[in-house]
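Working through the structure, step by step
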Amino acid sequence: MWDYSEKVKEHFFSPRNAGAVEGANAVGDVGSLSCGDALRLTLRVDPQNETILDAGFQTFGCGSAIASSSALTEIIKGMTLDAALKVTNQDIADYLDGLPPEKMHCSVMGREALQAAVANYRGEEWKDDHEEGELICKCFAIDAVMIEETVRANGLRTVEDVTNYTKAGGGCAACHEGIEDILVKVLAEQGEVFDPTTPSVTAQPKKLNTLQRIRRIEEILDSIRPNLQRDHGDVELVDVDGKNIYVNMVGACSGCQMAATTLGGIQQALVEGLNEFVRVLPAEQLKSCAEG
Amino acid sequence: MAEGIYLDNNATTMVSPEIVEEMLPFFSEQFGNPSSLHQFGDKVGRALKKARQQVQTLLGAEHDSEIIFTSCGTESDSTAILSALRAQPERKEIITTVVEHPAVLTLCQHLEKDGYKVHYLTVDKRGRLDMQRYKDLLSDRVAVVSVVWANNETGTLFPVEEMAVWAHEAGIMFHTDAVQAVGKVPINLKESAIDMLSLSGHKLHAPKGVGVLYLRRGARFRPLLRGGHQERGRRAGTENSASIVALGKAAEMALESMTFENTFVKAMRDRLESGILAAVSHCFVTGDPTNRLPNTCNIAFEFIEGEAILLLLNKLGIAASSGSACTSGSLEPSHVMRAMDIPYTAAHGSIRFSLSRYNTMEEIERVITAVPPIVAQLRKLSPYWGENGPVEEPEKAFAPTYA
C-alpha cells in the first residue's frame, strides 16, 4: 500500500469541489501518460477582475490523483488567474503533506490542468512542455526522460555525472543499474561505448567536512522547525554518527503517535538537503547502543 | 482468519493453522542440520524426505528426487531458464509469452541484453495463445520454452501439457511456471512431457520463502547456486527445514482440497462474478472465463481507476488487487491487460478477486453488496461519466492533452 499522508486520504475519501461547475467559463482537460490518469478542471471566472469564483474537478484516476485535484480546487478558489498560475505542483503536494515520489506526477497534472483552463479562458492554446518517463530514482523522483535529456544536452558519461546534474542516484544508489542502462543507450546513439572507469566530466561536488556537515544538518532542521512548532513540538540534534543522525523529539512531538511519520519527514528533508542517504533515529536508540 | 474479507489469494495466502503447527517444532527442538549424521540432524532429514514425497504426490512426479526445494517461485523460474541456457550453450533462443509473471518476463528481457533472442507469444482478446505461431517457432536454435500454466491476473489456463509434447517432439526443453495452478488444477507430471515446473509455497497456504523446482529425471541441468551437496548438489545452501516441512503439509492438504476448490470455491467465485455483473453496468470479465482457475475472477470496471476502487474496498475491510498502473508503481497498466488489448479506460479499472477455501459465501454476499456503491461513487467523479451512464462517445467527449 502507498505511504499516503492522512491529508491525502482525507481528500480522497471526501473530495472537495467534485463535479463540473455550473456556468463554467474555463475548462482544462489534461492527462498523465505515466499513470493513465486524466483530469477535467472547470472554473467560473469573474470577467471583471479575473477572480476564480468557483472551481470543480472530474478525475479518472487513483487516490492521489483525486486528492491532488481536490487540493488544487481548494487552493485556487478566490485567487485571481495570475495568482493561481503561480501555484506550483509542489504547492499542491505540500498542501497534502507530501506525495510519494511515484505520485508526484499527480500534482503536476493538477498544475497543468490549471494552466490549460487559464489558456482556455484567455482563448490561447495550451501546449504541454514536458514529457514523463519511467521513474528511475525514487529518492529524488527523477524519471528516465529527464535523465536521458540531461545526458544528451550535457554530454554526460558516468553515473556520477548524472547524479551531479540531476540528483538521480544520489540517495540509496539502488537505481545505478537503471542509470547505466540509459548511459549505454544514449552513448550508443552517438557511436560511443559506456565505460564506467571514465573520469567524471563534472567537477567533484565539494565534500563537506564534519563541522560543515553538522552545520548543514542544523540549517536543515531549522528550516523544518517552524512546522513542528506550529503543532507545539520541536526537534533537537543529539548526535551524528556517519549515516545515522540522532534526534530528540520534544514538546508535543515527544510521545506523539505520529512521531515515526514526523521522523520520516525529517529524514526525507535531510536526505535531500545533504544529497546523501542518511537515517534519522530517535536518540533513545543511541543510549541502547551505548549500553549494549 | 484475521478481520476483514481477504480476496487476494493469488498474491499470497494465509498459512493454515494446521501447517503452522506442523512447522513450529522445527524452530525449537528439531533445529538440527539435516545434513548432520547425529540424531539431531537425522530427524530433520527424515522430515524433509516426507515433505519431498508429499510434494511428489501432489505433482504426480515419478521420483521424489525430481523435487528440488528452493527459496521461492522466482528462484525456481530463474534456475530453470538459466540452467537450460547453460546446459545448451549453442542454443540462443527462448520461447515465452507476453503475459508471463515478471519472474520470467524480466529475466527474459535481461537475457536479450546478453544476446539471446526471445520470442514472446502474443495473446488474443481473451488471453489465448496462437498454437500455430508457437509450432512455427520451434527449432533447434531454441534452448527452452517457458510458459505460465495459469495466469496470475485472469486465471486463464494455457495448454502447457500439449505445448510440452510439441516442444519434446522438436527436441526442446519445456518449463512451466505453475505457481498459480498447483493445488487448483490436477497435475500428473509422470504422464506429461514437462521437463521443469516451478511452484511457490505461499500460494498454497504454506509460508513465504519456500518453493520447488520439479526437474524431470534425466533432464540436463546446471545449478544456479553451487556449494554444498544439499538437494543432491542441485541447489546448495542449508535447507529451510521448517518451511519445507510446511510446504509438504500444504501439498498434502492441497491434494485433499482439490475437489473442494473446484466445486465450492468455484461456486463462490461464480456467485461473486454474476452478483457484481448483475448489479454494476459497464463492467466485464477479462481473460477466458470458460478456461480458467476456479478461484480467480478479474472484472474491468470502465471509466474508473483501480487504485481508487481498492482504497475504498480496503476502507470496508475488503482486500483485492488491481491491474492499474498506480498500484504497481509502473508506467503502464498491467501488461496482461494491455496484451489482451483491453482499452486504457477499462484496463486501469480492472480488479482481481482471488478466493481461497477459507472464504465463505457470507463474505461473498457482503462484497457483492459493497462493490456497486463504490463504483457509483467513483464514476460520479469521472470525466467520462454523465448523470446515469457514460457520456456519449466517452473517448471523444473527453480527450485530454496527454503529457
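**Observations concerning the overall build of chain B**
Assigned secondary structure in chain B consists of 13 helices and 14 strands. Taking 22 Å as the expected radius of gyration for a compact globule of 403 residues, we find that chain B reaches 22 Å, a close match to that expectation. Seen through its principal axes, chain B has C-alpha atoms that stretch 75 × 50 × 35 Å. Across the 403 residues in chain B, those meeting the buried criterion constitute 60%.

**Looking at the overall build of chain A**
Each helix and strand in chain A was counted, giving 11 helices and eight strands. With respect to the principal axes defined by its C-alpha atoms, chain A has extents near 65 × 60 × 35 Å. Looking at chain A residue by residue over its 292 residues, the buried ones come to 47%. Pairs at least 24 residues apart make up 58% of the contacts formed inside chain A by residues separated by at least 6 positions.

**A short note on the side chain of B:Ser146**
All names here are of chain B. Examined against the element boundaries, Ser146 turns out to sit in strand 5 (residues 142–148). The buried category is assigned to Ser146, whose relative accessible area is 0%. Within the structure, the side chain of Ser146 is placed 2.9 Å from the side chain of His175, a separation counted as a polar contact. Apart from residues lying up to four places away in sequence, Ser146 is in contact with Ile81, Ile95, Thr96, Thr97, Glu100, Val104 and His175.

**Brief notes about the environment of B:Pro186**
Residues and elements named next belong to chain B. Within the secondary structure layout, Pro186 lies in the loop between strand 6 (173–177) and strand 7 (196–200). With a relative accessible area of 60%, Pro186 lands in the exposed category. A sequence separation of 72 residues divides Pro186 from Met258, and the C-alpha atoms of the two residues are 7.5 Å apart.

**A word on helix 9 (residues 210–230) of chain A**
Residues and elements named next belong to chain A. The first and last C-alpha atoms of helix 9 sit 31 Å apart over 21 residues, in line with the 30 Å expected at 1.5 Å per residue. Arg213, Ile217, Ile220, Leu221, Ile224, Arg225 and Leu228 are the residues of helix 9 that are buried. Those residues of helix 9 that are buried lie in contact with strand 6 (233–241), strand 7 (244–251) and helix 10 (259–274). One or two positions beyond helix 9, positive phi appears at His232, with a value near 60 degrees.

**What to know about a positive patch on the surface**
The grouping of B:Arg86, B:Arg220, B:Arg222 and B:Arg226 at the surface amounts to a positive patch. Classification of B:Arg222 as partly exposed rests on a relative accessible area of 31%.

**Let's talk about the domain arrangement of chain B**
Residue and element names in this part refer to chain B. Segmentation of chain B into domains returns domain 1 (17–254) and domain 2 (258–397). Placing the centre of domain 1 and that of domain 2 at their C-alpha centroids yields a distance of 30 Å. Listed as interface residues are 30 residues of domain 1 and, on the opposing side, 27 residues of domain 2. Here domain 1 packs against domain 2, burying approximately 2300 Å² in sum over the two surfaces, 56% of which is carbon and sulfur. The largest per-residue losses of area from domain 1 upon contact with domain 2 belong to Glu153, Thr154 and Lys184, which jointly make up 30% of the total buried on that side. At the junction of domain 1 and domain 2, the tally comes to one salt bridge. Across the pair Lys125 and Asp341 runs a salt bridge, and its minimum N-O distance is 4.0 Å. At the boundary of domain 1 and domain 2, one finds 12 residue pairs in polar contact (both at pLDDT 80 or more). Looking at the side of domain 1 that touches domain 2, the elements with two or more residues in it are helix 1 (17–23) and helix 7 (241–279).

**What to know about the environment of A:Pro100**
Along the chain, A:Pro100 falls in the loop between helix 4 (89–95) and helix 5 (104–121). For A:Pro100, a relative accessible area of 8% gives the class buried.

**A few points about the sheet that holds strand 8 (residues 279–282) of chain A**
Sheet strands pair via backbone hydrogen bonds, and the direction of the pair is either parallel or antiparallel. Residue and element names in this part refer to chain A. Pairing within the open sheet is mixed, and its three strands lie in the order 6-7-8. The open sheet terminates on both sides in strands that have one partner only, identified here as strand 6 and strand 8. Put simply, the sheet's adjacent strands are angled 35 degrees from each other on average, direction ignored. Note that strand 6 and strand 7 share eight bridges and pair antiparallel. From the neighbouring strand, Asp239 faces strand 7, where its bridge partner is Tyr246.

**Digging into the pattern of salt bridges**
Between side chains of opposite charge, pairing is possible as soon as their charged atoms come close. Residues and elements named next belong to chain A. Counted according to the given criterion, the structure contains 32 salt bridges over all chains. A salt bridge links Glu6 to Lys9; the nearest nitrogen and oxygen atoms lie 3.5 Å apart. Residue Glu6 and its partner Lys9 are both found in helix 1 (residues 6–13); the two are separated by three residues, about one turn of the helix. Residue class for Glu6 comes out exposed when judged on its relative accessible area of 52%. The class for Lys9 is partly exposed, based on a relative accessible area of 34%. Residues joined in a network through salt bridges with shared partners are Glu148, Arg152, Lys185 and Glu189.

**Topic: the packing of helix 8 (residues 306–315) of chain B against helix 12 (residues 361–381) of chain B**
For any two helices packed against each other, one specifies the inter-axial angle together with the distance between the axes. Residues and elements named next belong to chain B. It is at 10 Å that the axes of helix 8 and helix 12 come closest, and there the two elements cross at 135 degrees. When the axis of helix 8 is compared with that of helix 12, the two are oblique. In this structure, helix 8 meets helix 12 at a crossing whose hand is right-handed. Here Ala308, Ile309, Leu312 and Leu313 of helix 8 lie close against helix 12, whose contacting residues are Val371, Ile374, Gln377 and Leu378.

**Some details on the domain arrangement of chain A**
Domain boundaries in chain A define domain 1 (6–121), domain 2 (135–189) and domain 3 (210–291). Taking only C-alpha atoms into account, the centre of domain 1 of chain A sits 30 Å from that of domain 2 of chain A.

**With respect to the sheet that holds strand 13 (residues 350–354) of chain B**
Residues and elements named next belong to chain B. Spatially, 9-10-13-12 is the arrangement adopted by the four strands of the open sheet, whose pairing is antiparallel. Where the open sheet ends on each side, the last strands, each with one partner, are strand 9 (283–285) and strand 12 (321–322). With two bridges connecting them, strand 12 and strand 13 associate as antiparallel partners. Along strand 13, the bridge assignment pairs Ser322 with Ile351.

**Brief notes about a nonpolar patch on the surface**
Residues and elements named next belong to chain B. Taken together, Val20, Leu24 and Phe27 make up a surface patch of nonpolar side chains, about 290 Å² in accessible area. Positionally, Val20 belongs in helix 1. Residue Val20 is classed as partly exposed on the basis of its relative accessible area, which comes to 32%.

Definitions and limits used
- Each chain carries its own residue numbering, running from 1 in the direction its sequence is written.
- Each chain takes a letter, starting from A, and each ligand takes a number, starting from 1, following the order in which they are written.
- It should be noted that, the model being predicted, local features are given only for residues of pLDDT at least 70 and side-chain atom pairs only at 80 or more, the latter also being counted only at that level, while totals for whole chains, interfaces and linings use all residues.
- Based on all heavy atoms of the structure, the side-chain values leave hydrogens and waters out of the count.
- Numbering goes from the N terminus for both helices and strands, where a helix is a DSSP run of H or I of at least four residues and a strand is a run of E of at least two.
- Each radius of gyration reported is based on C-alpha atoms, and the globular scaling rule is 2.2 Å times the count of residues to the power 0.38.
- Categorising residues by exposure relies on relative accessible area from a 1.4 Å probe, with only protein chains included: less than 20% of the type maximum marks a residue as buried, more than 50% marks it as exposed, and the intermediate range marks it as partly exposed.
- Note on contacts: a residue pair is in contact if any heavy atoms of the two residues lie within 4.5 Å.
- Pairing of N or O atoms within 3.5 Å defines a polar contact, subject to two protein rules: one partner must be a possible hydrogen donor and the other a possible acceptor, and residues neighboring in sequence count only if both atoms are side-chain atoms.
- A helix is expected to span 1.5 Å multiplied by its residue count minus one.
- Like charges within 9 Å and nonpolar side chains (Val, Leu, Ile, Met, Phe, Trp, Tyr) within 5 Å are joined into patches, using only residues over 30% in relative accessible area that form no salt bridge.
- Using the Shrake-Rupley algorithm and a 1.4 Å probe, accessible areas are obtained, with residue cover drawn only from the displayed protein chains.
- A carboxyl oxygen of Asp or Glu within 4 Å of a side-chain nitrogen of Lys or Arg is what we treat as a salt bridge.
- Charged residues are defined here as Lys and Arg on the positive side and Asp and Glu on the negative side; His and the ends of the chain fall outside this count.
- A single reference atom marks each charge: NZ on Lys, CZ on Arg, CG on Asp, CD on Glu.
- Where each domain begins and ends follows an automated or database-derived domain assignment.
- Here the quantity called buried area is the total loss of accessible area, with a 1.4 Å probe, experienced by two parts when brought into contact, counted for both.
- Strand pairing is assigned whenever DSSP identifies at least 2 bridges connecting the two strands.
- Axis geometry follows a simple rule: fit a line to the C-alpha atoms, using only the stretch in contact for helices, then measure angles between N-to-C directions, giving values from 0 to 180 degrees.
- The labels follow the angle: roughly parallel below 35 degrees, roughly antiparallel above 145, roughly perpendicular from 65 to 115, and oblique for the rest.
- Whether a crossing is left-handed or right-handed is set by the direction in which the near helix is turned from the far one by less than a right angle, anticlockwise for left-handed and clockwise for right-handed.

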